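# Descriptive analysis of the structure
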Amino acid sequence: MTDRARTWRGELREAVGDLTPGVALCLLFLIAVILVGAFAPWISPYDEAEILTNESFSSPNAEMWLGSDYLGRDVLSRLIYGVRITLFLALIITFLSFFAGVGLGFLAAAFGGRVDDWMSRLNDAMLSFPALMLALIVINSLGSSFVVLVFTIAFIDMTRVYRVARALAVNIMVMDYVEAAIVRGEGKGWIVWHEVLPNALTPLAAEFGIRFTYAILFISALSFLGLGVQPPQSDLGVMVKENMQAILYGEYTTLYPAFGIALIAISMNVLVDWLLQRSSAKLPDEI
Amino acid sequence: MSLTEILAKRLILGLLTMLFVSVLVFVGTEILPGDVAHAILGQAATPESVAHIRERLGLNEPLHVRYVVWLTNFLTGDFGTSLANGADIGTEVSRRLLNTVILAFCTALIAVPLSVLLGLWAAVRPGGLVDRIITATSLALISFPDFLVAVVLVTIFAVKLGWLPAIASIRPGYSLLDWIRVLILPVAGLTFTILAHMVRMTRSAVLNVLSSPAIEMAILKGVPRRRLLLRHALPNALGPIINVVALNLAYLVSGVVVIETLFNFPGLGRYMVEGVTNRDVPIVQTCAMIFCSFYVLLNITADILSILANPRVRYKK
């Protein structure tokens, strides 16, 4: 046990040593953003819904560092709460899609044969459907709510995760050490848990980053179309949409949330790139 | 297996996919709660009026019968009428489809050559300055939400400089010049949504070819670098590149929806978003079918082109 703990800590120290300044910056930024999201009620100067002035799109000033939005609310506070909602939704979506996608992908790889054939064929059929169209159809039928958004996007993501997880597991299942475990008489569950999962961990972590970014971009796009998070609640995408007119008044209100989304996504992608290069792991055919 | 057999197999698979997609669109819009009759009547729904509407729309028929009727109607170009205002969807779709096709076509015309060139340029000296700049920029661009570049472009060119219109509405009788003025910003915004993926995938496709034994042989033979790239590497990379292009043009589907909404462009994407907002089922079904068919078609094209471009398949006896 202590042995494992030491190697774990050693690996962490090694990873920190490998950080380039750019990657470290991205990592720090992500940690900061997550903290901002987690402690939004304590950090934000005002309540997100409070109307502070009757002036729309006022310029940044001492009271409101980023000015006011179209209803006269504080942009900075709304940005902080927006980050909270966006991150919260994206995290739940990614966890759900991973739980289901990795589980089913490993299952298919472990059983192989006809089970694998049918599951993969069904998955391929789902992949032939453009993601946005699927989301729009479901939202058209069920309306938009947190639950609908989370499950729809998690389902769409799951089909992608399944593909990657299955491909990884299939490659690992033919390794000598797995064969040794089979000969030893270990069950399928044991093999998946003790052999496949640990060996697929790094590429799966990278895939997690990619799916997390994708979830953020997807929710933002839906919110921007007016079909994602519904007012009075707002995420970054809603903020971009509702403050579009600010551009006409020469204010940059709508650009703050837009760049916020981009910065989070860029940091995540840089981190994923670094992770993949460091381990020289490869994700099977991304789509 | 001969080439024709492979192609025929892929085409049949494509047809099956289309069929599956149509079932999904139909089931997704019809079975899930939100009864159409209730949607039409809204607050005014009494049991009698609901029953009457259900009768008129044929909602009492079993599902598979309705599906067949719906699909036959769709294939014969009868898209039905809008639930919101009773307007014929076919007329509206044909007008808007043309606008969307123009928008997408102009984007492809610019994005495809540009991204292939950039990808090639980056692959010439991997790890060099040009490569690093192109790779880093495209990584950043991939992380941008679809609307970001367009919003920035509007801020600069429509508001600050006032050169171009911020809203891309199209009136009948627009001259070619008017069309170009209106289209520049949406096309530029849309180009950026598909450019980065294409650049990255082109780069890796070319690098893949460059690391093959045949190219190594050519290097050892002393072929000059320019000739190496254009005569030896490019023909072999052409197949993968064409595949990349076709795959990425499929991404236009979601880009078009966002960009059209942003610019208020009267195309199919905005029509569909309006349809979803108003829960106008026939409009959503029609638009979804058109977009999905385009997507599936491009995917099949990508597959077929890469089969055709693979000499090992082409010349197999």
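Residues numbered from 1 in each chain as written. Chains lettered and ligands numbered in written order. Predicted model: local features only at pLDDT ≥ 70, side-chain atom pairs only at ≥ 80, totals over all residues.

### Describing the overall build of chain B
Operational definition: Think of it this way: any DSSP run of H or I at least four residues long counts as a helix, any run of E at least two long counts as a strand, and we number them from the N terminus. Put plainly, a residue is buried at 20 or more neighbouring C-beta atoms within 10 Å of its own, exposed at 12 or fewer, and partly exposed in between, counting only other residues' C-beta atoms, which are placed from the backbone. Each residue is represented by a C-beta atom placed from its backbone, and any two residues with such atoms within 7 Å are regarded as in contact.
Helix and strand counts for chain B come out as 14 helices and zero strands. Taken from the N to the C terminus, the helices and strands of chain B come in the order α-α-α-α-α-α-α-α-α-α-α-α-α-α. Based on the C-alpha atoms only, the size of chain B along its principal axes is roughly 85 × 60 × 35 Å. Burial statistics for chain B: of 317 residues in total, 36% are counted as buried. Relative to all contacts within chain B whose residues are 6 or more apart in sequence, the contacts with residues 24 or more apart total 71%.

### Some thoughts on the overall build of chain A
Within chain A one finds eleven helices and zero strands. The secondary structure elements of chain A, listed N-terminal to C-terminal, are α-α-α-α-α-α-α-α-α-α-α. With the principal axes as the frame, chain A shows a C-alpha extent of 75 × 50 × 25 Å. Counting only residues that meet the buried cut, chain A has 45% of its 287 residues in that class. A sequence separation of at least 24 residues applies to 67% of the contacts in chain A between residues at least 6 apart.

### With respect to the interface of chain B and chain A
As a reminder, the rule being used: Throughout this entry, Asp, Glu, Lys and Arg are counted as charged residues, while Ala, Val, Leu, Ile, Met, Phe, Trp, Tyr, Cys and Pro are counted as nonpolar. The remaining residues, Gly among them, count as polar.
At the junction of the two partners, chain B supplies 40 residues and chain A supplies 34 residues. The class makeup of the residues in the side of chain B that touches chain A is 28 nonpolar, ten polar and two charged.

### Notes on the packing of helix α9 (residues 188–224) of chain A against helix α11 (residues 255–279) of chain A
Residue and element names in this part refer to chain A. Inclusion rule: Axis definition: a line fit to C-alpha positions, over the contact stretch in the case of helices; interaxial angles, taken between N-to-C directions, run 0 to 180 degrees. Note on angle classes: values under 35 degrees are labelled roughly parallel, values over 145 roughly antiparallel, values of 65 to 115 roughly perpendicular, and the remainder oblique. Each crossing gets its hand from how the near helix is turned against the far one by less than a right angle, where anticlockwise is left-handed and clockwise is right-handed.
Packing of α9 against α11 leaves a shortest axis separation of 9 Å and a crossing angle of 165°. Our classification of the angle between α9 and α11 gives roughly antiparallel. Crossing handedness for the pair α9 and α11: left-handed. On α11, the residues that touch Thr202, Ala205, Ala206, Gly209, Ile210, Phe212, Thr213, Ile216, Leu217 and Ser220 of α9 are Ile261, Ile264, Ala265, Met268, Asn269, Leu271, Val272, Leu275, Leu276 and Ser279. Grouping the amino acids of the contact of α9 with α11 by side-chain chemistry returns 14 nonpolar, six polar and no charged.

### Re helix α9 (residues 213–221) of chain B
Taken across its nine residues, α9 of chain B has zero buried, putting it largely on the surface. Immediately beyond the C-terminal end of α9 of chain B, within one or two residues, lies Gly222 of chain B, with a positive phi of roughly 90°.

### Here we look at the nonpolar core
Quick reminder of the rule: In these notes, a nonpolar core means any group of buried Ala, Val, Leu, Ile, Met, Phe, Trp, Tyr and Cys residues linked to one another through C-beta atoms within 7 Å.
Among the nonpolar cores identified, the biggest contains 155 residues, and Ala135 and Leu136 of chain A together with Met272, Ala288 and Cys292 of chain B are the most heavily contacted of them. When residues of this core are assigned to their parent elements, the largest contribution, 17 residues, is made by α9 of chain A.

### Some remarks on the environment of Pro266 of chain B
Residue and element names in this part refer to chain B. Mapped onto the secondary structure, Pro266 falls in the loop between α11 (252–263) and α12 (268–277). Here Pro266 falls in the partly exposed class, since 17 other C-beta atoms lie within 10 Å of it. Separated by 118 residues in the primary sequence, Pro266 and Leu148 have C-alpha atoms spaced 20 Å apart. Setting aside residues up to four positions removed in sequence, Pro266 forms contacts with Arg96, Asn99, Ser169 and Ile170.

### Quick word on helix α10 (residues 225–249) of chain B
Residue and element names in this part refer to chain B. Stated formally: In a helix, the anticipated span is given by 1.5 Å times the number of residues less one. Note on bend: at a given residue it equals the angle between the axes fitted to the 7 residues ending there and to the 7 starting there.
If you check α10, its first and last C-alpha atoms are just 31 Å apart, much less than what 25 residues at 1.5 Å a residue would give, namely 36 Å. Its axis deflected by about 50° at Leu234, α10 carries its strongest bend there, up to four residues before the proline Pro235. Taken as a whole, α10 has its buried residues at His232, Ala233, Ala237, Pro240, Ile241, Asn243, Val244, Val245, Ala246, Asn248 and Leu249. Buried-residue contacts for α10 involve α5 (89–124), α8 (176–210), α9, α11 and α13 (281–309).

### A few points about unusual backbone geometry
Residue and element names in this part refer to chain B. Residues other than glycine seldom take positive phi values, yet Asn264 does so here, at roughly 55°. Mapped onto the elements, Asn264 comes out in the loop between α11 and α12. Phi at Arg279 is positive, roughly 55°, even though this residue is not glycine. By secondary structure assignment, the location of Arg279 is in the loop between α12 and α13. The class for Arg279 is buried, based on 21 C-beta atoms found within 10 Å.

### Some details on the confidence of the model for chain B
Keep this limit in mind: One number per residue, pLDDT, summarises how confident the predictor is, and it ranges from 0 to 100.
The pLDDT averaged across chain B works out to 82; a share of 91% of its residues lies at or above 70. Note on the complex model: pTM 0.86, ipTM 0.83.

### With respect to the environment of Val101 of chain B
All names here are of chain B. Among the structural elements, Val101 can be located in helix α5. The exposure class assigned to Val101 is partly exposed, which follows from the 14 C-beta atoms found within 10 Å. Along the sequence, Val101 and Leu297 sit 196 residues apart, while their C-alpha atoms lie 15 Å from each other.

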